[in-house]
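Commentary on secondary and tertiary structure
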Amino acid sequence: MILILLGPPGAGKGTQAKLITEKRGIPQLSTGDMLRASIAAGTELGLKCKAIMDRGDLVSDEIIEGIITDRVKADDCKNGFILDGAVRTVVQAEMIDRVLSGLGRKLDVVVELTVNEEELVQRLNARIAETKAQGKEVRADDNEETFRNRQAVYREQTAPLIPYYEKQGKLQRVDGMGTIEEVSDALSKVLDEVA
Ligand code: AMP
């Protein structure tokens with residue numbers, strides 16, 4: 001199954017993607033994780049992206065095309081994969097459609113996790129406090145100001161994907177504001193109907 005998870009930062013896409021990976025054995029492709037790994041490794045790509053990511057803006061569509069095109073061809077993607085935060089503009093959605101059709105494959109379903117933005121800010125602040133209390137490092141883009149910018153970027157650049165996939169008849173919605181288990185159960189039901 002090839003699946004896209006949509007939803008604003010903090011909606012729980014990463015958490016849910018990991019649960020889907022456990023259940024269905026298909027990998028989670030998170031461009032955010034890939035870019036953070038490049039930053040941590042000090043690569044040229046990482047250096048290029050760091051300031052943009054720290055501000056909460058989007059890196060270029062070309063950079064995403066470069067990292068996603070090869071990744072979906074890897075062996076572990078044979079049975080499908082989850083695009084987690086990896087499609088954030090209409091240009092990227094068109095690119096994914098092109099890459100998949102070049103491989104003779106197609107996107108099965110897009111799930112939007114619907115959320116309440118103010119509640120997400122409260123969740124973020126709770127998560128920052130918890131991470132600090134554990135003595136762990138807080139992500140550079142995990143602060144309220146950048147988080148709000150990431151929400152605005154989502155509304156302006158990523159939300160247009162909702163009508164884009166609705167028109168293709170691929171969009172499903174799941175309430176993202178429940179507990180992790182509630183969201184996971186609702187998501188599983190949707191995916192069971194697709195598989
Ligand atoms: P995430 O972990 O998915 O929230 O991504 C963290 C940051 O990485 C985002 O705020 C963007 O700066 C960058 N990023 C990740 N994926 C993409 C993408 N598909 N397009 C553009 N920028 C991205």
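Preceding this section is the structure that the text describes.
In this report, we go over the structure that sits alongside the text.

Calculation rules
- Residues numbered from 1 in each chain as written.
- Predicted model: local features only at pLDDT ≥ 70, side-chain atom pairs only at ≥ 80, totals over all residues.
- Heavy atoms only, no water.
- Pairing = 2+ DSSP bridges.
- Helix = DSSP H or I, 4+ residues; strand = E, 2+ residues; numbered from the N terminus.
- Axes fitted to C-alpha atoms, helices over the stretch in contact; angles between N-to-C directions.
- Salt bridge = Lys/Arg side-chain N within 4 Å of Asp/Glu carboxyl O.
- Buried < 20%, exposed > 50% of the residue type's maximum accessible area, 1.4 Å probe, protein only.
- Patch = residues over 30% accessible without salt bridge, like charges linked within 9 Å, V, L, I, M, F, W, Y side chains within 5 Å.
- Areas by Shrake-Rupley, 256 points an atom, 1.4 Å probe, with all protein chains shown as cover.
- Lys, Arg positive; Asp, Glu negative; His and termini not counted.
- Charge placed at Lys NZ, Arg CZ, Asp CG, Glu CD.

Let us look at the sheet that holds strand β2 (residues 28-30). The five strands are arranged β2-β3-β1-β4-β5 in an open sheet whose pairing can be described as parallel. Each having just a single partner strand, β2 and β5 (171-175) make up the two edges of the open sheet. Neighbouring strand axes in the sheet, compared pairwise and without regard to direction, differ in orientation by 25° on average. Where strand β1 (residues 2-6) meets strand β4 (residues 109-114), four bridges bridge the pair, whose relative direction is parallel. Residue pairing for β4: I4 is matched across the bridge by V110.

The full count for this structure, using the stated rule, is 17 salt bridges. Across the salt bridge formed by D141 and R139, the nearest N and O atoms sit 2.9 Å from each other. On the basis of relative accessibility, which here comes to 33%, the residue R139 falls in the partly exposed class. As a salt-bridge pair, E144 and R148 come within 3.1 Å of each other at their nearest N and O atoms.

This part takes up a negative patch on the surface. Among the surface-exposed residues, D175, E181, E182 and D185 lie close enough to one another that they form a single negatively charged patch. Looking at the negative patch element by element, the count peaks at three residues for helix α9 (residues 180-194). Its location among the elements puts E182 in helix α9.

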